[in-house]
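Report on the structure
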Amino acid sequence: MMTRYLVVPQWQGSPSSRAMQLIDGAQAIAGDLPRSATTVLDVPVEAGEALGTGIHRLTSLVRVREQIEDALASFTEPVLTVGGDCGVALGAVAHAARRHPSLAVVWLDAHPDFNATDTTPSGAFSGMVLRAIVGDGETALSLAPGVVAPDRVVIAGARSFDEPELAAISERGIRTLTVESLRDADALADAVRETGADAVYVHIDVDVLDPAELAGNAHPEPFGLTVAELTTALGRLRAAVPLVGATLTGYSPSSLASATDDLGAILRVVGALA
Ligand SMILES: [Mn+2]
């Protein structure tokens, strides 16, 4: 049960020319969460330096990860971390995995975010974060190998893979569920049960939804989930395995008016987690 919200307006992990709109998106969501249960992090304003690592804006990303882990350390209850870009999941998953060593991670995203520093087309960390979570490649941001083993990861709803991502995912035998298979409401819960995990962390990039469901999405990919399909699958999952943490990321409204239009959909997704 999510009873706490941590809002992280990080944009430095995004490849998008609309990256700064992630700040607007985080603020729009924060405005609709219960104020007494919500903490908004003051993320660095500067872009940061790659320091030759192949990860753009690395220094700011390292700093925000520390801020996230410090903030989460003070909570004992499950927290919904709201982005910002997908990179905010790194510190939040690290925190959840420390408390629940047999954690499964569900990655609901139109993209698997499984590039490495030598395969990334953009240098943006948001396209590498799941790879860093499984501890692959020794980057300054990777978790230690085994903290989240690949056989406890479920990639769900992804429909835009780079070739090297596909190869790396299949080499590691990571479970993947297509949008079509997620329409069976029990498919997600079944896939997580098969991992043998006793707790689950759920990461949601709003681009897992069909673009018709939500306008504020910098990376629209057609043929996504409806809000109803997503919330139904989450309900079945929560009934099967305890949900111990979550992220909601990628919300990027182009204007205040579109943010108002989208908030109903956003709040239904938050409600399915909280
Ligand atoms: Mn995505």
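Just above, that's the structure.
Cut-offs and rules
Residues numbered from 1 in each chain as written. Predicted model: local features only at pLDDT ≥ 70, side-chain atom pairs only at ≥ 80, totals over all residues. Heavy atoms only, no water. Helix = DSSP H or I, 4+ residues; strand = E, 2+ residues; numbered from the N terminus. Rg over C-alpha atoms; globule rule 2.2 N^0.38 Å. Buried < 20%, exposed > 50% of the residue type's maximum accessible area, 1.4 Å probe, protein only. Contact = heavy atoms within 4.5 Å. Areas by Shrake-Rupley, 256 points an atom, 1.4 Å probe, with all protein chains shown as cover. Lys, Arg positive; Asp, Glu negative; His and termini not counted. Charge placed at Lys NZ, Arg CZ, Asp CG, Glu CD. Pairing = 2+ DSSP bridges. Right-handed = clockwise from strand over helix to strand, strands pointing away.

Remarks on the overall build of the protein
Of the regular secondary structure elements, the protein holds nine helices and eight strands. For the protein, whose C-alpha radius of gyration is 17 Å, the value lies close to the compact-globule estimate of 19 Å for 274 residues. Summarising its shape, the C-alpha atoms of the protein cover approximately 45 × 40 × 40 Å along the three principal directions. Scored against the burial criterion, the 274 residues of the protein give a buried share of 57%. Of all intrachain contacts in the protein linking residues separated by at least 6 positions in sequence, the fraction that spans at least 24 positions is 73%. Surface summary for the protein: the accessible area is close to 10600 Å², and the carbon and sulfur share equals 52%. Placing the 18 positive and 34 negative side-chain charges of the protein at their respective mean positions leaves the two points 6 Å apart.

Some words on unusual backbone geometry
Backbone geometry follows two general trends: most residues other than glycine have a negative phi, and most peptide bonds adopt the trans configuration. Of note, the amide linkage connecting glycine 83 to glycine 84 takes the cis form, showing an omega dihedral of 5°. Looking at where glycine 84 falls in the secondary structure, it is placed in the loop between β3 (79–82) and α3 (89–99). One non-glycine residue with positive phi stands out, namely leucine 51, at about 55°. Relative to the helices and strands, leucine 51 is located in the loop between β2 (38–40) and α2 (58–73). You can call leucine 51 exposed: its relative accessible area is 62%.

A closer look at the pairing of strand β1 (residues 4–7)
The two faces of β1 match: Arg4 and Leu6 on one face and Tyr5 and Val7 on the other face are all buried. When β1 meets β3, the two strands line up parallel, connected through four bridges. Bridging across to β3, valine 7 finds its partner in valine 82. Examined bridge by bridge, β1 and β2 share three bridges and lie parallel to one another. Paired with valine 7 across the strands is valine 40, a residue of β2. In this fold, β1 hands off to helix α1 (residues 21–30), which returns the chain to β2; that crossover is right-handed.

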